[in-house]
Amino acid sequence: MSAASCLLTEDQFLCSICLDVFTDPVTTPCGHNFCKICITEHWSTNVPYQCPNCKEVFQQRPEMRVNTFISEMAAQFRQSAQQKASSSSSEQQVSKPGEVPCDVCTGTKLKALKSCLVCLESYCETHLEPHLTRSGLKRHQLIDPVENLEGRMCLKHDKLLELFCKTDQMCVCMLCTVLDHKTHDVVPLREEYEGKKTELGKTEAEIQQMIQKRRLKIEEIKHSVELCEEDADREIADGVQVFTALKESVERSQAELMDTIKEEQRKTEKQAEGFIKELEQEISELKKRSTEVEQLSRSEDHLHLLQSFTSLNTAPPTKDWTEVSVRPPSYEGTVRRAVSQLEETLNKQMKKLLTEAELKRVQQSAVDVTLDPDTAQPYLILSDDGKQVKHGAVEKNLPNNPERFDCCACVLAKQSFSSGRFYYEVQVKGKTKWDLGVARESINRKGKITLSPQNGYWTIWLRNENEYKALAGPDISLSLKSRPEKVGVFVDYEEGLVSFYDVDAAALIYSFTGCSFTEKLYPLFSPCNNDGGKNSAPLIISPVNQARRSSLIRGIVF
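Nothing here was measured: the structure is a model prediction, and the numbers come from that model.

Scoring rules and cut-offs
- Residues numbered from 1 in each chain as written.
- Predicted model: local features only at pLDDT ≥ 70, side-chain atom pairs only at ≥ 80, totals over all residues.
- Heavy atoms only, no water.
- Helix = DSSP H or I, 4+ residues; strand = E, 2+ residues; numbered from the N terminus.
- Buried < 20%, exposed > 50% of the residue type's maximum accessible area, 1.4 Å probe, protein only.
- Contact = heavy atoms within 4.5 Å.
- Areas by Shrake-Rupley, 256 points an atom, 1.4 Å probe, with all protein chains shown as cover.
- Lys, Arg positive; Asp, Glu negative; His and termini not counted.
- Charge placed at Lys NZ, Arg CZ, Asp CG, Glu CD.
- Pairing = 2+ DSSP bridges.

1. Quick word on the overall build of the protein chain
In terms of helices and strands, the protein chain carries 10 helices and 23 strands. By its C-alpha atoms, the protein chain is 175 × 95 × 55 Å across when sized along the principal axes. Counting every position in the protein chain, which comprises 558 residues, the buried fraction comes to 33%. Sequence-distant contacts in the protein chain: of pairs separated by 6 or more residues, those separated by 24 or more amount to 57%. Carbon and sulfur atoms make up 51% of the accessible area of the protein chain, which amounts to about 35700 Å² in all. Across the protein chain, the centroid of the 71 positively charged side chains sits 4 Å from that of the 82 negatively charged ones.

What follows is the structure, given as structure tokens:
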């Protein structure tokens, strides 16, 4: 059996389930071997009963018995492997590069198990035995093996460095404390070790925190890249839609030009066909008369010839074709006019597209804005959710705090902004008068107020149903193609920019540029007086719909 086992390899004694040497090996009906516990557990969790090796399925769970022959072979193999491992373990005691060698060994240096701080030597298992058995050596201090034991000795006094001078921040020996470091703050090495270890723990925690912050920053940057990719994909998709629309518009204009030219050609051909038909009809009539004249000229009947001569001598009624002609249509300027019309249409639509793209970008800076009741003029009525405001007929009894407008029908938002970009939208549908914009924190809120950038207000207003102005000091009249029902307000604090948009028309109403902001900015709202009910509709802060742009682009017709 021993001779036979020498011919077998390790793989032949391994269970294919646990990948270890067989324990109580059993044989399946298909001839494969497994540990008894391995195949039992396998079949307990897997139905139907199937061989893990060849996948043969058994109708009933086979009754498994230990294969004594393979069991003995596996035991012999395990014993042989343990002997080899023991032999290998002895060989591993030889000192390897990076390990501390025994200082006493001659020839082959074995690996040191301990170092003595008294003898200043490192010992292998054999040469360490005296320190473990002899009474005089038992008192020596043994530590885990280290190199350069001489470095643990005071170079000046040749004594062990076992103290730490906190004053000079250095390791010292006992003689140093009585001589050179007599008045210094000296502590045992272990005490300073514990303190420094605590500091290292704090340092390690700080380093881990720094690592974590940088990992978070990496995730933030990756997220930013993902957002950039999404924006790029969205811009590409929108660009494809725009240029597809432009291409279709050019092709449509080309087709219309071709149709126009062909229609002119068809009219000319139809006119010519009419002339030809009429001429052919006259020719037919003339041929008929010619035949009658020829027949009459051959007649021998004197009376008949004379009686018929008058009616046949004159030509049948015909049209004077002298001035009639078919002139080819003039196409001069047709292509130029078509291109000019196309150019005008494209310019209008491209301008609209650019404004839509700009509006979409600023809508990415949308913020949630609510009205601040502590700033509302007493005649104003605010909704419970802080999203609507209108002018009432009755003045409410409210405290006249410094933040409140007392004369002008204005109210500020609770939110303020002192950096970055922000955007919000306000529904103005049904109103004949309103003011919208932003104001700095230090504005005057009492008495009559003139809205202008000089006074800390960047606003536009509506008066008399269709009179729009930018209150730029002096005011600027605005000519709008349509009456806005929803106004978007965008602010770029660092750029000094305040822009107003007609959201539904995707059109820019007006921009304050080159502004200098140094304080907090608050969104400002004024529904103005209700004007006897004519202006009773509220201003409504609306949620921003950022999905409009793609639908707008898809809906473009050139």
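On we go.
2. Section: the side chain of His157
Looking at the element boundaries, His157 is found in the loop between strand E7 (142-143) and strand E8 (163-165). When neighbours within four sequence positions are excluded, His157 is seen to be in contact with Cys173, Leu175, Cys176, Leu179 and Asp180.

3. Regarding the pairing of strand E20 (residues 497-502)
Most of E20 sits inside the fold, with 5 of its 6 residues counted as buried. The pairing of strand E19 (residues 486-492) with E20 spans 6 bridges and is classified as antiparallel. Its bridge partner lying in E20, Gly488 is registered against Tyr501. Looking at chain direction, E20 and strand E21 (residues 507-512) are connected through 5 bridges and run antiparallel. Its bridge partner being in E21, Phe500 is matched across the sheet by Tyr510. In this structure, the hairpin formed by E20 and E21 is closed by a connection of 4 residues, where Ala506 is found at a positive phi of approximately 50°.

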